[in-house]
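Residue strings, one per chain:
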Amino acid sequence: MHSSTRSQAHATPPLVLPSTNSTRQSLQLQQEQHQELLSPMKQVAAATAGGVVTALFVTPFDVVKTRLQAQIGVPPVVQAQAVQYAPVPCHEQPLRGTLDAFVKISKCEGNLALWRGLGPAIALTVPATALYFTSYERTKVQLQRLGIVPPSLTPALSGLVARAITVAVTCPLELVRTNVQSHPKTSAKEVISRITKTKGFFSLWTGLSPTLLRDVPFSIIYWSALEFVKVRLIHQQQRLAQRRNNKNNFSSNNNNTLSIPFLDTPFTYPIFTINFLSGLAGGVVAAAATTPIDVIKTRMQMHHTRDYPASITAIVQRVAQEEGYGAFFKGLAPRIVKVAPACAIMISSYEVFKGFFAPPPPFALTPTTTNTTINTNNTTSNTNNTTA
């Protein structure tokens, strides 16, 4: 016996929700189109403005991180107890953690000491950020157009190229900033004069190798994570909006293409939040993974003013023998607290400033062969029961 139950209601054309790959392709297309609207000078201006905003926020964390990493060895317990009975100059007291460093630096040197090196930091930020973001986006767009690299590897390769170029250009400014932040009474001019007179002009590039070892992997991890999270947040935003049947967020045209108004501009809430969260996630992962290399780089740059080896191998051996392997993660907390919000602020503010100079084109999602079809109204359903 066969019984069939059929319920039918008014059917409307289905709303086709693209797959994650389709979302990625559409995002890349929008980025390519936006790139054509931005002149190099406008892109540099947007990156510079975002970099200055970021530098004002992260410099205190950078000062604390540098002081903790430049502090060699941990005082024995006996010496720590003796501090209670013997007066120790304020600036010579050991820093025992991130919060302790903030308190002691502010107390001993004043609140403005947390912004020591802001001048070199901004001087570093302006060329570095402009060069870095411009190089990254233009490299990525070219790779996407040529199609010689898989889409999943495009952010990593673009980040590698952009960071290598930027580090080579800005290494001297990084060296000066590190020395100024780690020595309270030293100016940038004094650091440059001392290094060039004693070691020569090219010694300003001391730390280039460990900086490349730190920043290139950081850039690869950061952009890969950022693009990965961004695509999925956008895709999830589409699904959440569809589930709420928010017809104001989605519209379907005759070409069966989804147009999402909130992605047409960086000034609306969802896309700003997506950029911020993507940058935050990428910053956390990349900062944690590269902290040991950051410690090595800081120690290497300190050998001009302290009795410390200049080679990477010698530094690794000495730190491991004298302080233990845990020392390679000194400054991890302030580094993450500094880097992750900085990445989030930088990428989101950069996109906002880009929007000021050239509003992005509409974000249109064209479904591919792998998609999800959702009817906006009740659809036809068939139920067949077969009984022998």
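Residues numbered from 1 in each chain as written. Predicted model: local features only at pLDDT ≥ 70, side-chain atom pairs only at ≥ 80, totals over all residues. Heavy atoms only, no water.

## Overview of the overall build of the chain
Worth spelling out the cut-off: In this text, helices come from DSSP runs of H or I with a minimum length of four residues, and strands from runs of E with a minimum of two, each type numbered from the N-terminal end. Exposure categories follow from relative accessible area, calculated using a 1.4 Å probe and restricted to protein chains: below 20% of the type maximum is buried, above 50% is exposed, and the middle band is partly exposed. A contact between two residues is defined here by any heavy atoms of the two lying within 4.5 Å. Values of accessible area rely on a 1.4 Å probe in the Shrake-Rupley scheme; residue burial ignores everything except the protein chains shown.
Tallying secondary structure elements over the chain gives 11 helices and seven strands in all. Residue burial in the chain is summarised as follows: out of 388 residues, 47% are buried. Considering only residue pairs separated by 6 or more positions, the chain has 83% of its internal contacts joining residues 24 or more positions apart. Carbon and sulfur atoms form 62% of the exposed surface of the chain, whose accessible area is close to 19000 Å².

## Overview of the packing of aromatic side chains
To be explicit about the condition: The criterion for an aromatic pair is that two Phe, Tyr or Trp rings (for Trp, the six-membered ring) have centres within 6.5 Å, with stacked assigned to planes under 30 degrees apart, edge-to-face to planes over 60 apart and tilted to the rest. Each ring is checked for a lysine NZ or an arginine CZ that lies within 6 Å of its centre and within 35 degrees of its normal; such an atom marks a charge sitting over the ring.
Taken as a whole and assessed by the stated rule, the structure comprises 14 aromatic pairs. Ring centres 5.6 Å apart and planes at 80° place the aromatic pair Phe61 and Phe102 in the edge-to-face group. Here Phe61, found in helix α2 (residues 40-70), pairs with Phe102, found in helix α4 (residues 98-109); they are 41 residues apart in sequence, far enough to count as distant. We note that Phe61, like Phe102, is buried. The rings of Tyr132, Phe133, Tyr136, Phe218, Tyr222, Trp223 and Tyr350 are connected pair by pair, giving a single aromatic cluster. One residue, Arg163, lies across the ring of Tyr132, its end atom 3.8 Å from the ring centre.

## Some points on the environment of Ala342
You can see Ala342 is positioned in helix α11 (residues 332-357). For Ala342, a relative accessible area of 11% corresponds to the buried category. Taking the C-alpha atoms as reference points, Ala342 and Thr59, 283 residues apart in sequence, are found 9.9 Å from one another. Beyond its immediate chain neighbours, meaning those up to four positions away, Ala342 contacts Thr54 and Val58.

## Digging into the pattern of salt bridges
Defined as follows: The salt bridge definition used is simple: a Lys or Arg side-chain nitrogen within 4 Å of an Asp or Glu carboxyl oxygen.
Under the counting rule described, the total for this entry stands at nine salt bridges. Two residues, Arg145 and Glu36, come together in a salt bridge whose shortest N-O distance is 3.0 Å. Pair noted here: Arg145 is in helix α5 (residues 118-146) and Glu36 is in helix α1 (residues 20-37), with a separation of 109 residues, a long-range link. Lys354 is paired through a salt bridge with Glu351; the nearest N and O atoms lie 3.5 Å apart. Placement of both Lys354 and Glu351 in helix α11 is noted, with a separation of three residues, approximately one turn of the helix. Lys354 gets classed as buried once you look at its relative accessible area, which sits at 5%. What makes Glu351 buried here is its relative accessible area of 14%. Taken together, the shared-partner salt bridges connect Glu137, Glu351 and Lys354 into one network.

## A few points about the nonpolar core
The test is simple: Buried Ala, Val, Leu, Ile, Met, Phe, Trp, Tyr and Cys residues form a nonpolar core when they are joined through side-chain atoms within 4.5 Å.
Of all hydrophobic cores here, the largest spans 18 residues; its most connected members are Phe133, Phe218, Tyr222, Trp223, Ile347 and Tyr350. Counting residues per element, the ones that place at least two in this core are α2, α5, α8 (208-243), α9 (269-301) and α11. No other element matches the five residues that α11 contributes to this core. Not counting residues within four places of it along the chain, the set of residues in contact with Tyr350 comprises Gln43, Ala46, Ala47, Phe133, Glu137 and Ile345. One finds Phe61, Leu95, Ile105 and Leu114 within the second-largest nonpolar core, a separate group that totals 10 residues.

## Structural notes on the confidence of the model for the chain
Caution is warranted with low-pLDDT regions, since their predicted coordinates should not be read in detail. The cut-off we apply is this: For every residue, the pLDDT score states the predictor's confidence, bounded by 0 at the bottom and 100 at the top.
Taken residue by residue, the chain gives an average pLDDT of 74. The fraction at 70 or more is 72%. Between the elements of the chain, mean pLDDT differs from a low of 40, seen in strand β7 (residues 381-386), to a high of 87, seen in α11. Counted against residues more than four places away or in other chains, residues 75-86, with its pLDDT under 50, gives three contacts. A low-confidence stretch, residues 248-261 (pLDDT under 50), is modelled with 33 contacts involving residues beyond four sequence positions or located in other chains.

## Description of the packing of α1 against α5
What counts is decided by this rule: Helix axes are fitted only over the stretch in contact, all axes being lines through C-alpha atoms; the angle between N-to-C directions runs from 0 to 180 degrees. An angle counts as roughly parallel when it lies under 35 degrees, as roughly antiparallel when it exceeds 145, as roughly perpendicular when it falls between 65 and 115, and as oblique in every other case. Crossings are classed by handedness, with left-handed meaning an anticlockwise turn of the near helix from the far one by less than a right angle and right-handed meaning a clockwise turn. Throughout, the ten residues Ala, Val, Leu, Ile, Met, Phe, Trp, Tyr, Cys and Pro are labelled nonpolar, Asp, Glu, Lys and Arg are labelled charged, and all others, Gly among them, are labelled polar.
Where α1 meets α5, the closest approach of the two axes is 10 Å, and the angle between their N-to-C directions is 120°. Taken together, the axis directions place α1 and α5 in an arrangement best described as oblique. Along this stretch, α1 crosses α5, giving a crossing that reads as left-handed. When α1 is examined against α5, the residues Gln28, Gln31, Glu32, Gln35 and Glu36 are found in contact with a partner set consisting of Glu137, Arg138, Lys140, Val141, Gln144 and Arg145. Classifying every residue of the contact of α1 with α5 gives one nonpolar, four polar and six charged.

## Describing α4
The line we're drawing: Expected helix span is computed as 1.5 Å times (number of residues minus one).
Over its 12 residues, α4 extends 16 Å from the first C-alpha to the last, a length consistent with the 16 Å expected when each residue adds 1.5 Å. By the burial criterion, the buried members of α4 are Ala101, Phe102, Lys104 and Ile105. Here the buried face of α4 lies against α2. Directly after α4, the chain includes Gly110, whose backbone phi takes a positive value near 95°.

## Quick notes on the environment of Val63
Along the chain, the position of Val63 falls in helix α2. Sequence-wise, Val63 and Arg116 are 53 residues apart; in three dimensions their C-alpha atoms are separated by 7.1 Å.

## Points about α1
Taking 1.5 Å of rise per residue, the 18 residues of α1 would be expected to cover 26 Å, and the 26 Å separating its terminal C-alpha atoms lies within 8% of that figure. Buried within α1 we find Ser22, Thr23, Arg24, Ser26, Leu27, Gln28, Gln30, Gln31, Glu32, His34 and Gln35.

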